[in-house]
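# Overview (structure and organization)
Listed below are the residues making up each chain.
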Amino acid sequence: NWYDLPLGDFVAMLIFDDDLGRPGMISLINSRLVEAFRGGLAVGNARGLRTFNQNLRLAQSVHAMYQEKYGFQTGLGVGGGRLRLPPYEQMVEDAFTAFMTDAAVNLFTRVNAYQTALRLGGQLPLASRTYRRWEAGVAQQLAARGLDPARAIPVPPDVVETVDGVEQQQGGATIQRQ
């Protein structure tokens, strides 16, 4: 019975039951992730972290439900079901990279989100796993405003270096995962 579910799971089931298809589901998950970064990490306080965690849990629940229903093996030997979504962790990293490079999002909002992610380091490896994918562009924007990128977006101590040629690709840190 849906009404016995916790609120977050109830909302996820309502969203999932809407049958958005793969592109719609990716868009929905990304929208929750962007809200987690903008309304959560960028705020940086306890309320913001609650917003961050709620949106991450909702995105993860919807991702898991979709994968359970559509992420089956096709038997064609070509890497799984064609409707399968990318791994959740990769979607989070790709969404954070897109958020950090989105010029439509205020630069200071993006920097605040990064600084919170950096503070959460061990619990949330977003800063270290995505830094090399967006740092050059954001550093350039900061310098153009007369700000010091080394202070605003310092390199995480455990930064994941990417392989030459994959810095701008989605899933740029994927090589280290394998």
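Residues numbered from 1 in each chain as written. Predicted model: local features only at pLDDT ≥ 70, side-chain atom pairs only at ≥ 80, totals over all residues. Heavy atoms only, no water.

Take the overall build of the protein chain next. The helix and strand tally for the protein chain stands at eight helices and zero strands. Beginning at the N terminus, the succession of helices and strands in the protein chain can be written as α-α-α-α-α-α-α-α. Considering the protein chain as a whole, with its 178 residues, one finds that 43% of them fall into the buried category. Within the protein chain, contacts between residues at least 6 apart in sequence are counted, and of these 63% link residues at least 24 apart. For the protein chain, the accessible area works out to roughly 9900 Å², and carbon and sulfur atoms hold 53% of it. (Helix = DSSP H or I, 4+ residues; strand = E, 2+ residues; numbered from the N terminus. Buried < 20%, exposed > 50% of the residue type's maximum accessible area, 1.4 Å probe, protein only. Contact = heavy atoms within 4.5 Å. Areas by Shrake-Rupley, 256 points an atom, 1.4 Å probe, with all protein chains shown as cover.)

Our next topic: the pattern of salt bridges. Inspection of the entire model under this criterion finds four salt bridges. Note that Arg132 and Glu161 form a salt bridge whose closest N and O atoms lie 3.0 Å from each other. Pair noted here: Arg132 is in helix α6 (residues 126-144) and Glu161 is in the loop between α7 (149-152) and α8 (174-177), with a separation of 29 residues, a long-range link. Residue Glu161 is classed as partly exposed on the basis of its relative accessible area, which comes to 44%. Among the charged side chains, a salt-bridge network with shared partners connects Arg132, Glu135 and Glu161. (Salt bridge = Lys/Arg side-chain N within 4 Å of Asp/Glu carboxyl O.)

Grouped together as the largest cluster of nonpolar side chains are 41 residues, with contacts concentrated most on Leu33, Phe37, Leu41, Phe96 and Ile153. At the level of elements, α2 (21-41), α3 (46-70), α4 (88-101), α5 (107-119) and α6 are the ones that each hand at least two residues to this core. With residues up to four places along the chain from it excluded, the contact list for Phe96 reads Phe37, Leu41, Ala113, Tyr114, Ala117, Leu126, Thr130 and Trp134. (Core = buried A, V, L, I, M, F, W, Y, C linked by side-chain atoms within 4.5 Å.)

Right, let's talk about α3 for a bit. Spanning 25 residues, α3 covers 36 Å between terminal C-alpha atoms, matching the ideal 36 Å at 1.5 Å per step. The residue sitting at the N-terminus of α3 and contributing the capping side-chain oxygen is Asn45; that oxygen lies 3.2 Å from the backbone nitrogen of Arg47. (Expected span 1.5 Å × (residues − 1). Polar contact = N/O pair within 3.5 Å; in protein donor to acceptor, adjacent residues only side chain to side chain.)

On to the side chain of Thr97, then. Within the element layout of this structure, Thr97 appears in helix α4. Here Thr97 falls in the buried class, since its relative accessible area comes to 10%. With residues near it in sequence (within four places) discarded, Thr97 still touches Thr130, Arg133 and Trp134.

What follows covers the confidence of the model for the protein chain. Note: predicted coordinates in regions of low pLDDT should not be interpreted at a detailed level. For the protein chain, per-residue confidence averages 80 on the pLDDT scale, and residues scoring 70 or more make up 72% of the total. At the low end of the mean pLDDT range in the protein chain sits α8, at 38; at the high end sits α7, at 96. Across residues 163-178 the pLDDT falls below 50, and counting only partners more than four positions away or on other chains, this stretch makes 29 contacts in the model. (pLDDT = per-residue confidence, 0-100.)

Viewed as axis vectors pointing N to C, α2 and α3 meet at an angle of 165°, and their least axial separation amounts to 7 Å. One finds that α2 runs roughly antiparallel with respect to α3. Relative to α3, α2 is oriented so that their crossing is left-handed. Tallied by class, the residues present in the contact of α2 with α3 amount to 14 nonpolar, seven polar and three charged. (Axes fitted to C-alpha atoms, helices over the stretch in contact; angles between N-to-C directions. Parallel < 35°, antiparallel > 145°, perpendicular 65-115°, else oblique. Left-handed = near helix turned anticlockwise from the far one by under 90°. Nonpolar A, V, L, I, M, F, W, Y, C, P; charged D, E, K, R; others polar.)

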